[in-house]
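Survey of secondary and tertiary structure
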Amino acid sequence: MENVFVLDHPLIQHKLALIRDENTGSKEFRELVEEVAVLMAYEATRNMPLEETEVKTPVGPAKVKVLSGKKMGIIPILRAGLGMVNGMLKLIPAARVGHIGLYRDPDTLLPVEYYCKLPSDVSERELIILDPMLATGGSAAKAVEILKEKGATNIKLMCLIAAPEGIEAVHEKHPDVEIYTASIDEKLNSHGYIVPGLGDAGDRLYGTK
Ligand code: URA
C-alpha cells in the first residue's frame, strides 16, 4: 500500500501485544503507549534531513551531522491522541504541540471541530497527527483538512492500529499523507470498533468506561 508504513520493529510489536491484552490496566497501558510512541517516533523520523557542521571534541575538530532545523509539530486528536504525546516529545523535544478536538455529530455522523489550538506557524512545520486508533478515518481526515486549511503541506499520521477502512478513507481525501501504524487489523465491527483492536483507547488510557 502506498504511503502506509507498518512499523514492525520487534519491540513495537511486543509492546503492542501487551497493549491489546484486556488484562493490561490503565497505568501499564499508558506507560506502554508512551513507550511505543517513542519507538514509532524513532522510525517515522528516519528521513529527517541532516546538514554537516563542525564541533571541537577534546581531541580536535570533528565533522558532524545535525538535524537541519526542520521545525516539527505534533498534533494529538483529543482525547486518545494525548497518550502518545510525551513519547513523541522524548525524541523530538523542540516540537510544538497543537490540539484538535472533534466529536461526531449524532445526526450526520460527521466529525465536528470543538477545539483547535495550533502553533501560529503551522504552515512551516512538518506535522505528525497522533490518534492511536485509525477506525473509520473520519476524524483523521477532518484533522488533516483543518491543518491544510491553515496552510500545512507536510502532514503525517501516526496511529497504533489502523483498520483498512480508515486507511482508505484518509487516502481517498488525502493521498499525500503518510500513515505510520504498528498494525493493520482485520476490519471495523458494526459499532465502529477495530477488530481485534484493543477496545476504546481513550477509556483504557484514562480508566473511564
Ligand atoms: N476508537 C477506539 O478507541 N477504538 C476503536 O476500536 C475504534 C475507535
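Computed from a predicted model, the values in this text were never measured in an experiment.

Some thoughts on the layout of surface pockets
Of the pockets and cavities examined, the largest pocket occupies roughly 970 Å³. What lines the largest pocket is a set of 34 residues, and nearest its centre among them are Arg 104, Asp 131, Met 133, Ala 135 and Ser 139. Among the secondary structure elements, those contributing two or more residues to the lining of the largest pocket are β4 (72-78), β6 (99-104), β9 (133-134), α4 (138-149), α5 (164-173) and α6 (201-206). The dominant element in the lining of the largest pocket, judged by the number of residues it contributes, is α4, at 6 residues. Per-class residue counts for the lining of the largest pocket are 17 nonpolar, 8 polar and 9 charged.

Things to note about the side chain of Asp 105
The residue Asp 105 is located in the loop between β6 and β7 (111-117) in this model. Buried within the structure, Asp 105 lacks any salt-bridge partner; Arg 104 is the closest side chain of opposite charge, at an N-O distance of 9.3 Å. Contact partners of Asp 105, with chain neighbours within four places excluded, come to Leu 110 and Val 112.

A short note on the environment of Phe 5
Here Phe 5 is to be found in strand β1 (residues 4-6). As a C-alpha pair, Phe 5 and Ile 74 span 69 residues in sequence and 18 Å in three-dimensional space. Residues in contact with Phe 5, not counting those within four places in the same chain, are Glu 178, Ile 179, Tyr 180 and Thr 181.

Examining the UniProt feature "domain: Phosphoribosyltransferase" (unreviewed entry) in the chain
Residues annotated in UniProt with the feature "domain: Phosphoribosyltransferase" (unreviewed entry) correspond here to residues 6-208. Along residues 6-208 one finds 32% helix and 32% strand; the C-alpha atoms at either end are 29 Å apart.

Quick word on the site of the ligand
Neighbouring the ligand are the residues Met 133, Ala 135, Gly 192, Tyr 193, Ile 194, Gly 199, Asp 200 and Ala 201. Contact distances for the ligand include 2.8 Å between a nitrogen atom and a backbone N or O atom of Gly 199. Relative to its unbound accessible surface of 240 Å², the ligand loses 82% to contact with the protein. If you map the ligand onto the pockets, it falls in the largest pocket. For the shell around the ligand, the class distribution of residues is 5 nonpolar, 2 polar and 1 charged.

Overview of the environment of Leu 127
Looking at the secondary structure, you find Leu 127 in strand β8 (residues 126-130). By relative accessible area, which is 0% here, Leu 127 ends up buried. In this structure the C-alpha to C-alpha distance between Leu 127 and Met 88, which are 39 residues apart in sequence, comes to 12 Å.

Looking at the packing of aromatic side chains
By the definition in use, this model includes 2 aromatic pairs. Ring centres of Phe 5 and Tyr 180 lie 5.0 Å apart, and the angle between their planes is 20 degrees; on these two criteria the pair is classed as stacked. Taken together, the residues span a long stretch of sequence, with Phe 5 in strand β1 and Tyr 180 in strand β11 (residues 178-184) at a distance of 175 residues. Residue class for Phe 5 comes out partly exposed when judged on its relative accessible area of 33%. For Tyr 180, a relative accessible area of 6% gives the class buried. Here the aromatic rings of Tyr 103 and Tyr 114 are separated by 6.4 Å at their centres, their planes lie at 35 degrees, and the arrangement is tilted. In this pair, Tyr 103 sits in strand β6 while Tyr 114 sits in strand β7, placing the two residues 11 residues apart along the sequence.

Here's the deal with the UniProt feature "binding site: 5-phospho-alpha-D-ribose 1-diphosphate" (unreviewed entry) in the chain
Mapped onto the present numbering, the UniProt feature "binding site: 5-phospho-alpha-D-ribose 1-diphosphate" (unreviewed entry) falls on Arg 79, Arg 104, Asp 131, Pro 132, Met 133, Leu 134, Ala 135, Thr 136, Gly 137, Gly 138, Ser 139 and Asp 200. The subset of the named residues that lines the largest pocket consists of Arg 79, Arg 104, Asp 131, Met 133, Leu 134, Ala 135, Thr 136, Gly 137, Gly 138, Ser 139 and Asp 200. You can see Leu 134 is positioned in strand β9. Excluding anything up to four places from it in sequence, Leu 134 contacts Ala 140, Leu 157, Cys 159, Ile 161, Ala 162, Ala 163, Gly 166, Ile 167, Val 170, Ile 179 and Ile 194. In this structure, Thr 136 sits in the loop between β9 and α4. Polar contacts involving the side chain of Thr 136 include one to the main-chain amide nitrogen of Gly 138, which spans 3.2 Å.

Analysis parameters
Note on numbering: residues in each chain are counted from 1, in written sequence order. With pLDDT at 70 or above as the cut-off, local features in this predicted model cover only qualifying residues; side-chain atom pairs require 80 or more to be listed or tallied, and sums for whole chains, interfaces and linings still use all residues. The basis for every side-chain value is the complete set of non-hydrogen atoms in the structure, without hydrogens or water. The definitions used throughout rest on a 1 Å grid laid over the protein atoms alone, on which a cavity is an enclosed set of points accommodating a 1.4 Å probe that cannot get out and a pocket is an open set flanked by protein within 12 Å on both sides along at least five of seven lines; lining residues are those having an atom within 4 Å of a point. Grid points are joined across faces, edges and corners, and a volume is the space filled by probe spheres set on the points. Going along the chain from the N terminus, every DSSP run of H or I of four or more residues is numbered as a helix, and every run of E of two or more is numbered as a strand. Just so you know the grouping, Ala, Val, Leu, Ile, Met, Phe, Trp, Tyr, Cys and Pro go in nonpolar, Asp, Glu, Lys and Arg go in charged, and all remaining residues, Gly too, go in polar. Exposed residues in this analysis have more than 50% of their type's maximum accessible area, buried residues have under 20%, and partly exposed residues fall in between, with area computed by a 1.4 Å probe over protein chains only. His is not counted, nor are the chain ends; Lys and Arg add positive charge and Asp and Glu add negative charge. A side-chain nitrogen of Lys or Arg and a carboxyl oxygen of Asp or Glu constitute a salt bridge if their distance falls within 4 Å. Contacts are residue-level and defined by heavy atoms, with any inter-residue pair within 4.5 Å sufficient. UniProt positions are given in the numbering used here, feature names are shortened, and annotations may be inferred rather than shown by experiment. Each residue is tested against the molecule or strand, and it is near if at least one of its non-hydrogen atoms lies within 4 Å. Within 3.5 Å is the distance limit for a polar contact, defined as a pair of N or O atoms, with the added protein rule that one can donate a hydrogen and the other accept it, and that residues adjacent in sequence qualify only through two side-chain atoms. Surface exposure here means Shrake-Rupley accessible area, sampled with a 1.4 Å probe, where a residue is shielded only by the protein chains that are shown. Should more than half of a molecule's atoms lie within 2 Å of a pocket's or cavity's grid points, that molecule is taken to sit in it. Pairing of aromatic rings covers Phe, Tyr and the six-membered ring of Trp, with a centre-to-centre limit of 6.5 Å; geometry is then stacked below 30 degrees between planes, edge-to-face above 60, and tilted otherwise.

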